[in-house]
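Examination of the molecular architecture
Given next are the chains, with one letter for each unit.
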Amino acid sequence: MTKFEPTKISSIKQVWEEEGFSFRKSLSQNFLIDQNIVDKILNAANVKNGDVILEIGPGSGALTLSMLKRGATVYAVEIDPISTRILTKHLSVYENFHLINQDILTTDLSFLTEGTKIISNLPYHITSPIIAKISAMHGIFNDIVLMVQKEMADRMLAVAPSKNRSSFSIFSEYYFDIKSLFIVKPGCFMPKPKVDSVIISLKSKENLPYNDPSDFFKMVRKAFSQKRKMISSTLKEQDIKKALASLGLDPNSRPEQLSLKSFIDLYDLLASS
């Protein structure tokens, strides 16, 4: 059996050829092949013996193998059946490896316990719903280190005022303290993506403002539905200008100009009236 070295191009190409693997653009398959980047990611997440880690979309297994070698228990969720077969064939020698051949968006993760880490090169086309799923399990995940497209990182990290700010920026900031760690260039992947990627760190916040924030986020999404317009134009059912002024905010504010706290204060004021 071919030696499994997922960051060595000649090795992984031979494995793919043996198994009849071909890249599926629909699954955002851009596999990490740079061991230095792998090590930087695992060091950023302080991966050590005894850690329990959820990996979403392990792909060719570059992160997976290195985490297993460090003694971590890895639960890897992979939708591609051929990638699943390859990983099972080459990594099942590790007793601490558990592979789940499912769609992450429909996978039951209730078996995971508090303190689990998430370390993943996320499938770019479903990054937002994955973040939403993670946020719904607030308090379970201790440390989260993700690779995302730079455009997505810019949205998640955007602070007011910023043209990159969106309802997803508010959503991300509501649940997590987020930091940008470093950029990963296209040459670190096979095949090469057309854009840079960014490694981000997420820490779950404690003591969230609302037990059920669904109505709050409904207001935020509506405010951003026409983000270049003033909030008073999109939230027409109440006297938004008066509410903004009473909070010491510009009555002609656009949504991208408001901080998370300002949105919370505005929601609380409107709800109370």
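Residues numbered from 1 in each chain as written. Predicted model: local features only at pLDDT ≥ 70, side-chain atom pairs only at ≥ 80, totals over all residues. Heavy atoms only, no water.

Looking at the packing of aromatic side chains
Keep this limit in mind: Aromatic contacts are taken between Phe, Tyr and Trp rings whose centres are within 6.5 Å, Trp giving its six-membered ring; a plane angle under 30 degrees counts as stacked, one over 60 as edge-to-face, and the others as tilted. Partly exposed residues are those whose accessible area sits between 20% and 50% of the maximum for their type, while under 20% is buried and over 50% is exposed, using a 1.4 Å probe and protein chains only. Distance and angle both matter: a charge sits over a ring if NZ of Lys or CZ of Arg is within 6 Å of the ring centre and within 35 degrees of the ring normal.
Taken as a whole and assessed by the stated rule, the structure comprises 15 aromatic pairs. Consider the rings of Tyr210 and Phe216, whose centres lie 5.5 Å apart with planes at 40 degrees: the pair is tilted. Of the two residues examined, Tyr210 and Phe216, each falls in the buried class. Above the plane of the ring of Phe182 lies Lys40, whose end atom (NZ or CZ) is 4.1 Å from the centre.

Let's talk about the pattern of salt bridges
Definition in use: Criterion for a salt bridge: a side-chain nitrogen of Lys or Arg within 4 Å of a carboxyl oxygen of Asp or Glu. Starting at the N terminus, helices and strands are each numbered in turn, a helix being any DSSP run of H or I of at least four residues and a strand any DSSP run of E of at least two.
Evaluated as defined, the whole model comprises 10 salt bridges. Lys203 is paired through a salt bridge with Asp143; the nearest N and O atoms lie 2.0 Å apart. One end of the pair, Lys203, is in strand E9 (residues 197-204); the other, Asp143, is in strand E6 (residues 141-149), and 60 residues separate them in sequence. Lys203 sits in the partly exposed class, given a relative accessible area of 39%. The class for Asp143 is buried, based on a relative accessible area of 16%.

So, the sheet that holds E6
Sheet strands associate in pairs through backbone hydrogen bonding, adopting either a parallel or an antiparallel arrangement. Under the convention used in this document: Two strands pair under a simple rule: DSSP has to find at least two bridges between them. Each axis is a line fitted through C-alpha atoms, taken for helices only over the stretch in contact, and angles between the N-to-C directions span 0 to 180 degrees. Residue contacts are defined here by distance: any two heavy atoms, one from each residue, within 4.5 Å place the two residues in contact.
Overall, mixed pairing links the seven strands, which are arranged E4-E3-E2-E5-E6-E9-E7 in an open sheet. The open sheet has two edge strands with one neighbour each: strand E4 (97-100) and strand E7 (176-184). Taken pair by pair, the neighbouring strands of this sheet meet at an average axis angle of 20 degrees, ignoring direction. Of the strand pairs in this sheet, E6 and E9 are connected by six bridges, and their pairing is antiparallel. Along E9, the bridge assignment pairs Gln149 with Ser197. Most of the contacts of helix H3 (residues 62-69) go to strand E2 (residues 52-56), to which it runs at about 170 degrees, and overall it touches E2, strand E3 (73-77), E4 and strand E5 (116-121). Contacting E7 and E9, helix H7 (residues 167-175) crosses the sheet at an angle of about 110 degrees to E7.

What to know about the environment of Ser167
Looking at the secondary structure, you find Ser167 in helix H7. Using a relative accessible area of 23% as the deciding quantity, one classes Ser167 as partly exposed. Separated by 134 residues in the primary sequence, Ser167 and Ile33 place their C-alpha atoms 33 Å from one another. Excluding anything up to four places from it in sequence, Ser167 contacts Val220, Arg221 and Phe224.

Focus: helix H2 (residues 35-44)
How we decide: Starting at the helix axis, one direction is taken to each C-beta atom, and the arc is that of these directions. N or O atoms within 3.5 Å of each other form a polar contact, as long as, within protein, one can give a hydrogen and the other can take it, and as long as residues adjacent in sequence are counted only when both atoms are side-chain atoms.
Every buried residue of H2 is listed here: Ile37, Val38, Ile41 and Leu42. Down the axis of H2, the sector holding all buried residues measures 135 degrees, keeping them to one side. Relative to its buried face, H2 has exposed residues pointing more than 90 degrees away, namely Asn36 and Asn43. In the core, the buried residues of H2 are packed alongside strand E1 (31-32), H3, E5, E6, E7 and E9. With a side-chain oxygen lying 2.9 Å from the backbone nitrogen of Asn36, the N-terminal cap of H2 falls on Asp34. A positive backbone phi angle near 50 degrees is found at Asn46, which sits one or two residues after H2.

Brief notes about the nonpolar core
Convention followed: The set of buried Ala, Val, Leu, Ile, Met, Phe, Trp, Tyr and Cys residues whose side-chain atoms join them within 4.5 Å is what this entry labels a nonpolar core.
Counting residues in hydrophobic clusters, the biggest one holds 50 residues, and the most contacted among them are Ile131, Leu146, Ile200, Leu202, Phe216 and Phe263. With six residues, helix H11 (residues 260-272) is the largest single contributor of residues to this core. The residues touching Ile200, leaving out its near neighbours within four places in the chain, are Ile144, Val145, Leu146, Val148, Ala153, Met156, Leu157, Ile178, Lys179, Ser180 and Leu181. Core analysis: the next-biggest nonpolar cluster, separate from the first, contains 37 residues, Val15, Leu42, Tyr124 and Val145 among them.

Thoughts on the side chain of Ser253
Relative to the assigned elements, Ser253 resides in the loop between helix H10 (240-246) and H11. In terms of polar contacts, Ser253 uses its side chain to reach the backbone carbonyl oxygen of Asp250, at 2.6 Å. Here Ser253 is in contact with Met230, Ile231 and Leu258, once residues within four sequence places are set aside.

A closer look at the side chain of Asp51
Looking at the secondary structure, you find Asp51 in the loop between H2 and E2. Looking at Asp51, the relative accessible area reads 9%, which means it is buried. Side-chain polar atoms of Asp51 contact the side chain of Lys117, separated by 2.9 Å. Sequence-distant contacts of Asp51, that is, excluding residues within four places in its chain, are made with Asn46, Ala72, Thr73 and Lys117.

Focus on the pairing of E2
Just so we agree on the cut-off: Note on handedness: a crossover is taken as right-handed if, strands pointing away from the viewer, the path from the first strand over the helix to the second is clockwise.
Across the five residues of E2, four count as buried, placing the element largely inside the fold. Across five bridges, E2 lies against E3 in parallel orientation. Note that in E3 the partner of Leu54 across the bridge is Tyr75. Note that the unit made of E2, H3 and E3 has a crossover that is right-handed. Sheet analysis places E2 next to E5, joined by two bridges and oriented parallel. Across the sheet, the residue bridging to Ile53 is Lys117, located in E5.

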